[in-house]
Amino acid sequence: MTFVHSFWSKPLLNNKFNDIQTILPVVLTDYAVSASFIHKYGHSIKLYADKIGIELLKFIPYDEIIEVNTLDDESIHFAAQIKFEALKKMSLDEILIDGDLFMRLPEAFDRLNELGKNNDFVYSMFEPNNFILSSNQQINKYQSMSDIMKRYSAEFIPPYRLDRTLYAYQWPNTSLMLFNNQQLKDEYIRQYEYYKKLLSNEDFGVCWPDIIIEQRHMHKLLNTGYTSAPMIDDFPSYESNKYALKIGFTHLGYAKIYFNETASEWLKTLNYKLYTYIKEFDIKKLLYRYIDI
C-alpha cells in the first residue's frame, strides 16, 4: 500500500490552532510516528507539502516528497486545502492520512485492504451529532461558524432542536481517505473548492470551517448512491474503541497534545534517530527564520 501525508506550514506559523512553540514538537512527533508505523509494516508513504513544510518534515525518511507551491496567498482558515492539492495528484490506490493517524498493527492494514475491495470510499469513523457537539463550547463554536456561513449558502443553515443543538452536524471523519471511485473523488474536490472560495474572505478566528465543508459535504455526497465504510464502526462506543485498540488504529485528533508523551515513547522505540532529532529541534531558530511569514 502507498500512503500519503500532507502538510501546509502557513497556518502553523501563524498560530492558527495553537501557539507554535507548543504545537510544533507535537506535530513533528506525530508525523514521524505515523510514517514510522507505515514503514514498519512494509508499506510506503509520500509527503505533499509547501516549501517550509518540506524543510520541517524532511528529516522523516519519506519514499517521495512533492512540493506544493500554490497556497502562498490562500487563507489560513482553510488548513485542509493542502489535502485537496494532494488528492488532485494522487492515484485511486493511494491512501491519504492525517499526520496524527497511526496504523499500529498489521490488522489495521488488513481491514483497510478488505474494505477497499468493496467500497467507493473508506474513511476513519462516522462522528455522530452527540460526539461532535459534546459540550457547550463545541455548540458555540459551530453556531459561530454557522452564523457566518449561512449568509453565503443555504447549505450552511442547519435545522435546530428546541435545545438549539445543530443536529445536522454529523459526518465521516476524514483523517483517513481511500477513494475507489474517480467520480466521487472529483466531486468531493469540486465542492470543497467551491465553498472554500465562497467563504475565503471571512475571518473565522480560532474556528476551522474546513471541518464542515470537508466532512459534512462528504456525508451528503455519500448519500447520493456511493458505497462507503468506516475503519471503526459504531464510534465512539466502548466496543468501537475496544476494536480500534485491537487492530491498532489510532487517530489522536484534539487529544494530540495530551498524548504527546505516549507518541514520543512509540517513536523512541520505532526510530530512535527521529526521536532524538525532535528532542534537539531548535524552535527559536525556526521562529527567527520565518517570523514574518
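Because the structure is predicted, anything quoted here is derived from the model rather than measured.

Trainee: Which residues make up the overall build of the chain, and what values go with them?
Mentor: Tallying secondary structure elements over the chain gives 13 helices and nine strands in all. Against the compact-globule benchmark of 19 Å for 293 residues, the chain has a radius of gyration of 19 Å, which places it among compact chains. If one aligns the C-alpha atoms of the chain with their principal axes, the spans along those axes are about 55 × 45 × 35 Å. Look at the contacts in the chain between residues 6 or more apart in sequence, and 80% of them connect residues 24 or more apart. By element, 49% of the accessible surface of the chain is carried by carbon and sulfur atoms, the whole surface being about 14,100 Å².

Trainee: Please provide a residue-by-residue account of the nonpolar core, values included.
Mentor: Judged by nonpolar contacts, the single largest core of 54 residues is most densely connected at L57, M103 and L176. Here the element with the most residues in this core is helix 2 (residues 20–40); it accounts for 12 residues. The contacts of L176, once residues within four sequence positions are left out, are I95, L96, I97, L101, M103, L112, V122, Y123, S124, M231 and F249.

Trainee: So what about the layout of surface pockets? Which residues, and what values?
Mentor: In this structure, the second largest pocket encloses a volume near 290 Å³. Lining the second largest pocket are 12 residues, and of these Y277, F281, K285, L286 and R289 lie nearest its centre. The set of elements that each furnish at least two residues to the lining of the second largest pocket consists of helix 3 (51–57), helix 12 (272–279) and helix 13 (283–290). Counting residues per element, the lining of the second largest pocket draws most heavily on helix 13, which supplies four residues. Considered class by class, the residues forming the lining of the second largest pocket number five nonpolar, one polar and six charged.

What counts and what doesn't
- Residues numbered from 1 in each chain as written.
- Predicted model: local features only at pLDDT ≥ 70, side-chain atom pairs only at ≥ 80, totals over all residues.
- Heavy atoms only, no water.
- Helix = DSSP H or I, 4+ residues; strand = E, 2+ residues; numbered from the N terminus.
- Rg over C-alpha atoms; globule rule 2.2 N^0.38 Å.
- Contact = heavy atoms within 4.5 Å.
- Areas by Shrake-Rupley, 256 points an atom, 1.4 Å probe, with all protein chains shown as cover.
- Core = buried A, V, L, I, M, F, W, Y, C linked by side-chain atoms within 4.5 Å.
- Buried < 20%, exposed > 50% of the residue type's maximum accessible area, 1.4 Å probe, protein only.
- 1 Å grid on protein atoms, 1.4 Å probe; cavity = no way out; pocket = protein on both sides within 12 Å on 5 of 7 lines; lining within 4 Å.
- Points joined across faces, edges and corners; volume = space filled by probe spheres on them.
- Nonpolar A, V, L, I, M, F, W, Y, C, P; charged D, E, K, R; others polar.

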